[in-house]
Structure formats: structure tokens, C-alpha cells
Amino acid sequence: ALAFLTRPRAARIPLKGRHVFITGGSSGIGLALATAAAREGARVSILARNAARLEDARAAIRLATGLDVGVHQADVRDAAAVARALDDAGPVDVLVCNHGVFVPQELEKQDMEEVKWMVDINLMGTFHLIKAALPAMKARTRETSLPASIAIMSSQAGQVGVYGYTAYSASKFALTGLAESLQHEVISDDIHVSLIFPPDTETPGLVEEKKKRPELTTIIADSSGGMKADDVAKKALNGIKSGRFIIPCNFEGAMLAIATSGLTPQSSPLIAFVEVIGAGLMRFVALCFQWNWFSTIENWYAKNKKHG
Ligand SMILES: NC(=O)C1=CN([C@@H]2O[C@H](COP(=O)(O)OP(=O)(O)OC[C@H]3O[C@@H](n4cnc5c(N)ncnc54)[C@H](OP(=O)(O)O)[C@@H]3O)[C@@H](O)[C@H]2O)C=CC1
Ligand SMILES: CCCCCCCCCCCCCCCC(=O)[C@@H](N)CO
């Protein structure tokens, strides 16, 4: 019955010879994705703000793969600059909206400027990219009769709210609403939307984040095992190629995906089966995690005498 029910229908999205456009491709997970996609024979373009870091990334990818990637300098907050970059790059087959910023802080202590900055880049930047890329992507799937992909980098903090991440989690949860609605709108063009949910991942961004991260944020985030950027990139590309809507990256991520499966699209009958069977059990496991997190917060505040 699930094999009949699951929608959208399963797809195989080839990468070889196709144009993969990756934002935030100059660092961390984006750089790992660009390198892996180039290795798979894709034509890769990367976009970021800092020109020097883009050139360093291009050199690193050439060193690792012997292949050249296209670089585009733009701020995703600037819709016109994003449109120009996509125009220069040419029609895209696989759009990876990976750029992102994160500064954890209790909302009470965080400036509204910083909240807006995270939402503008993580959420509005993704809107700018999709708006600019979509017309040419649609024309291209009609032309080539090959399925295309729009992949969006979320985070496990986009599946569950975490102490210190009010702004960041809000920006990432919002991407789920965007992605679910968008999948309805683009399925008839054979475009498959993916949401990627990594745990803490060793990147230059994480090194910066850890300098400021509240202790409780780190304790709760440590509930999920850390990963290397190359491993996240591998999981992400496999998920994109299989046209998966939800792409978890580690074991905790697989549990989170079941616990939060709700009304998400699902093209795999096998995973749908695990979701149907696992839902009740994973809700129980989730309650145990929340019990543990609230106990930790309570004890931490008791110890540090920081009651509001
Ligand atoms: N590392 C982690 O622990 C996790 C990361 N993620 C998500 O993965 C993604 C990548 O993270 P990570 O690799 O750690 O990040 P890094 O900080 O290492 O890299 C971020 C990339 O995004 C680019 N970028 C940032 N702001 C903009 C902007 N306004 N316009 C264009 N490009 C921009 C950066 O280039 P430049 O600064 O030059 O613009 C850089 O290439 C993010 O969306 C993040 O939220 C999710 C879960 C865990
Ligand atoms: C049903 C049972 C579920 C059990 C597992 C729960 C684990 C949740 C941990 C949340 C971790 C959030 C990490 C955010 C990383 C990130 O995005 C920042 N580093 C910024 O980039």
C-alpha cells in the first residue's frame, strides 16, 4: 500500500555533465559539496561574498580534483546581484542553497540586528536564489527531460528548537515551510526539492561559532554526534541524487527525521514504512531527550544562580 501511496514518485537525478550551483561553496560543507560534485563529473559553480576565499576554494578544488569550478561573488541578501550571478553562470540543474550564518545567543542578550541578519541571509537569501534560478531550471528540465533538484541546507536545529538558537532555528524551520510548499509547485516540472539536516559539522563556521556558544547550547547540540564536512557532503549528494525530500546525515538525524516526519513528502516506500512503524516509538524517545534537556537546563540554572 505504501509503495502505491508515497509521493512524489521516486526519481534518480544524475550529476554527471550537469550544472550544480552551490552557494557558500567557498567554505566548510559547501566547499566539500563542490569538491564531491566536481568528482562526480558535474560542472560546478560556487557563490559567496568574499572574492579571496572564492579563489582559494577554486584552487583547492583544482588541487583535489584537477577540475575547474566557476566562481561568482555576490551577497545572497542582494536579489539583483544573485540574479546577475545566475545569469552569468547559465541554467542550473541542481541548485544547492547552502550558504548560512549562525551566532548562538539567548534571545534576551541577542541584538535584533543580529536576529534580522540571520533571517535575511539564511531565509531571504534562499528565496532570492530560488526566484532567480527557477525559470531557467524549468526550461531546462523541459529541454533535457531530466529531473532537476533544489536542495536547501537546513540543520538539526531546523528540526528541533535548541537553547541559544531562537533566531537560527527560526530561520531554518522557515526553510521547511518554503520547501514543502515549493515541492507542490515544481513537481509538475520534474524538479525535486531536498532539505538537508546536518548535526554539528567540523567547518570554519563551527570554529567561529564555538567561540561564543552558550554552554547549554553546546551540551544540547552534543546529543547528536559531530560530523566531518566531507561526510555531510557525501550524504547530501546521495540524497539529492535519489530525489529525497528529507536528508538526515547521521543516526540521531535518522531518528529525528522519523520523529518529525509529520506531513512531509516521502518518495521512498521503505522509509515511509519505517516512519509509520517508528512514529510512536520515536515520540517516546523524543520525550526522553526533552526530559534530559530540561533537567540539564534546570540544574545549570540552579548551579549558576541565574534565575530570571
Ligand atoms: N557547521 C555546522 O555545524 C552546521 C552547519 N549547517 C549549515 O550548513 C551551511 C554551511 O555551514 P558551514 O559550512 O559550517 O559554514 P561556513 O561558515 O564554513 O561557510 C559559510 C559559507 O556561506 C557563505 N556565505 C555566508 N554568508 C553569505 C552571504 N550573505 N552571501 C553569500 N554567501 C554567504 C560563506 O562565504 P562568505 O562569508 O565569503 O560570503 C561561506 O562560503 C549553513 O547553512 C549552516 O547553517 C547546518 C548544520 C550544522
Ligand atoms: C527522536 C530522538 C531524537 C534524538 C536526537 C536529537 C539530537 C538533537 C540535537 C540538535 C543539534 C543541533 C545542532 C545544530 C548544528 C548547527 O546548525 C550549528 N552548528 C550551526 O551551524
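Coordinates for the structure precede this section.
Residues numbered from 1 in each chain as written. Chains lettered and ligands numbered in written order. Predicted model: local features only at pLDDT ≥ 70, side-chain atom pairs only at ≥ 80, totals over all residues. Heavy atoms only, no water.

K.L.:
Summarise the overall build of the chain; cite the residues concerned and give the values.
P.N.:
When its secondary structure is counted, the chain shows 11 helices and 9 strands. Whereas a compact globule of 308 residues would reach a radius of gyration of roughly 19 Å, the chain reaches 19 Å, a difference of no more than 12%. Counting only C-alpha atoms, the chain reaches 60 × 55 × 35 Å along its principal axes. Burial analysis of the chain (308 residues in total) assigns 51% to the buried set. Long-range contacts, defined here as pairs at least 24 residues apart, represent 74% of the contacts in the chain between residues at least 6 apart. (Helix = DSSP H or I, 4+ residues; strand = E, 2+ residues; numbered from the N terminus. Rg over C-alpha atoms; globule rule 2.2 N^0.38 Å. Buried < 20%, exposed > 50% of the residue type's maximum accessible area, 1.4 Å probe, protein only. Contact = heavy atoms within 4.5 Å.)

K.L.:
So what's going on with the site of ligand 2? Residues and values would help.
P.N.:
Looking at ligand 2, there are 21 residues lining it, with Ser-155, Tyr-165, Tyr-168, Asp-200 and Glu-209 nearest. The contact in question runs from an oxygen atom of ligand 2 to an N or O atom on the side chain of Ser-155, over 2.6 Å. The set of elements that each furnish at least two residues to the shell around ligand 2 consists of helix 7 (204-212), helix 10 (251-259) and helix 11 (269-304). Looking at the shell around ligand 2, the element that brings in the most residues is helix 11, giving 5 residues. Looking at side-chain class alone, the shell around ligand 2 contains 14 nonpolar, 3 polar and 4 charged residues. (Near = heavy atom within 4 Å. Polar contact = N/O pair within 3.5 Å; in protein donor to acceptor, adjacent residues only side chain to side chain. Nonpolar A, V, L, I, M, F, W, Y, C, P; charged D, E, K, R; others polar.)

K.L.:
Help me get a handle on the pairing of strand 4 (residues 94-97), residues and values and all.
P.N.:
In strand 4, alternate side chains face the same way, and those of Val-94 and Val-96 on one face and Leu-95 and Cys-97 on the other are all buried. Bridge count for strand 1 (residues 19-23) against strand 4 is 3 bridges, and the pairing is parallel. When the sheet's bridge partners are listed, Ile-22 is paired in strand 4 with Val-96. When strand 4 meets strand 5 (residues 148-153), the two strands line up parallel, connected through 4 bridges. Directly across from Val-96, in strand 5, lies its bridge partner Ala-151. (Pairing = 2+ DSSP bridges.)

K.L.:
Outline helix 11, supporting the account with residue identities and numerical values.
P.N.:
For helix 11, built from 36 residues, the straight-helix expectation of 52 Å at 1.5 Å per residue is met to within 8% by its first-to-last C-alpha distance of 49 Å. Within helix 11, the axis deviates most sharply at Gly-278, by approximately 55°. Looking at the buried side of helix 11, the elements it contacts are helix 1 (2-5), helix 8 (215-221) and helix 10. Two residues or fewer past helix 11, Lys-305 is found with a positive phi of approximately 45°. (Expected span 1.5 Å × (residues − 1). Bend = angle between axes of the 7 residues up to and from the residue.)

K.L.:
Describe in detail the packing of aromatic side chains, supporting the description with residues and values.
P.N.:
Tallied over the full model, the rule gives 5 aromatic pairs. Between the aromatic rings of Phe-289 and Trp-293, the centroid separation amounts to 5.7 Å while the plane-to-plane angle is 55°, which identifies the pairing as tilted. With a gap of 4 residues between them, Phe-289 and Trp-293 both fall in helix 11, about one helical turn apart. Grouping aromatic residues by their ring pairs yields a cluster made of Phe-102, Tyr-165 and Tyr-168. (Phe/Tyr/Trp six-rings, centres within 6.5 Å; stacked < 30°, edge-to-face > 60°.)

K.L.:
Which residues make up the state of the cysteines, and what values go with them?
P.N.:
A full pass over the atoms with the stated rule returns 0 disulfides. Of the cysteine sulfurs around Cys-97, a residue in no disulfide, the closest is that of Cys-249, at 16 Å. Among the residues examined, Cys-97 registers a relative accessible area of 1% and is labelled buried. (Disulfide = S-S within 2.5 Å.)

K.L.:
Could you give an account of the packing of helix 10 against helix 11, naming the residues involved and the relevant values?
P.N.:
Between two packed helices, both the angle of their axes relative to each other and the distance between the axes serve to describe the pair. The N-to-C vectors of helix 10 and helix 11 enclose an angle of 105°; their axes lie 7 Å apart at closest approach. On the basis of the axis angle, helix 10 is roughly perpendicular to helix 11. In this structure, helix 10 uses Met-255, Ile-258 and Ala-259 to contact helix 11, whose residues at the interface are Val-274, Glu-275, Gly-278, Ala-279, Met-282, Val-285 and Phe-289. By residue class, the composition of the contact of helix 10 with helix 11 is 8 nonpolar, 1 polar and 1 charged. (Axes fitted to C-alpha atoms, helices over the stretch in contact; angles between N-to-C directions. Parallel < 35°, antiparallel > 145°, perpendicular 65-115°, else oblique.)

K.L.:
Just give me the short version of the nonpolar core, but keep the residues and values in it.
P.N.:
Among the nonpolar cores identified, the biggest contains 51 residues, and Leu-95 and Ile-150 are the most heavily contacted of them. In terms of residue count, helix 5 (residues 112-144) provides more of this core than any other element does, 9 residues in total. Discounting residues that sit within four places of it in the chain, Leu-95 has contacts with Phe-21, Leu-129, Ile-130, Ala-133, Met-137, Ser-149, Ile-150 and Ala-151. Counting residues in hydrophobic clusters, the runner-up holds 32 residues, among them Leu-15, Ala-34, Ile-46 and Val-96. (Core = buried A, V, L, I, M, F, W, Y, C linked by side-chain atoms within 4.5 Å.)

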